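Observations on chain architecture
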Amino acid sequence: VRRTTPTALDLRMAWRVTQRSPILSLTSVLAMAVGIALTTIAFTIVKDAFFGTLPVPNGHEVVSLNDYNRMGRHTLGTSLDEFRRRRPAMTTVQGAGAYSDQLTDVSGATTPADIVKVTRITTDAFDVLQAPPVFGRTFDARDGQLGSPLVAIVSQAFASRLSGAAQNAIGQTVRVAGAPAT
């Protein structure tokens, strides 16, 4: 059996060594304190440089949840059905939204199909991010119901390419993977 907690004998021996060599003990403690401080500073700098926050209000509070298998390896994304099943159990978060990215073909009524990155999101994702659209609207509760017509929110650049000006794209129909979306 392996011991992991100090016993009274261990503590008495440590006290005796400290009394015999107080400068060495103090130097050891200071070296550990400086090492911990430098590691914390380095981690903070690297985290801010490479893993910055999202450019939305309270972006530092937005987190990503992932599934891992028993070996500790990142697994494929969680399905939307699985997210909906788990959402009621998430009682410590203010809001939760899910997304998935994929490459698919998108075309307008007069524009040819183009392969673009499409992000499918839950209807409350914009509320979670507190990110209003430049033009038009975000999703509402009806858009997330099964059988409701597809709604697309497109980038300003894509909207301009689709209809000449971003404002003119509102209400137009695009085809996402062959399915019409307003």
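Description of the structure in this document. (Residues numbered from 1 in each chain as written. Predicted model: local features only at pLDDT ≥ 70, side-chain atom pairs only at ≥ 80, totals over all residues. Heavy atoms only, no water.)

1. Quick word on the environment of valine 17
- By secondary structure assignment, the location of valine 17 is in helix H1 (residues 8–20).
- Here the alpha-carbon distance between valine 17 and leucine 38, two residues 21 residues apart in the chain, equals 27 Å. (Helix = DSSP H or I, 4+ residues; strand = E, 2+ residues; numbered from the N terminus.)

2. Looking at the layout of surface pockets
- Of the volumes computed, that of the second largest pocket is approximately 510 Å³.
- Forming the walls of the second largest pocket are 24 residues, and the residues nearest its centre are Phe135, Ala152, Ile153, Val154 and Ile170.
- In terms of residue class, the lining of the second largest pocket is made up of 16 nonpolar, 7 polar and 1 charged. (1 Å grid on protein atoms, 1.4 Å probe; cavity = no way out; pocket = protein on both sides within 12 Å on 5 of 7 lines; lining within 4 Å. Points joined across faces, edges and corners; volume = space filled by probe spheres on them. Nonpolar A, V, L, I, M, F, W, Y, C, P; charged D, E, K, R; others polar.)

3. Examining the sheet that holds strand S3 (residues 174–176)
- Taken in spatial order, the 4 strands of this open sheet run S2-S1-S3-S4, and their pairing is antiparallel. The open sheet has two edge strands, strand S2 (114–121) and strand S4 (179–181), and neither has a second partner. Across the sheet, the mean angle separating the axes of adjacent strands is 45° when strand polarity is ignored.
- Pairing of strand S1 (residues 99–108) with S2, which is carried by 8 bridges, proceeds in the antiparallel orientation. Residue pairing in the sheet places glutamine 102 in a bridge with valine 118 of S2. (Pairing = 2+ DSSP bridges. Axes fitted to C-alpha atoms, helices over the stretch in contact; angles between N-to-C directions.)

On their own, these measurements won't tell you what the molecule is for.
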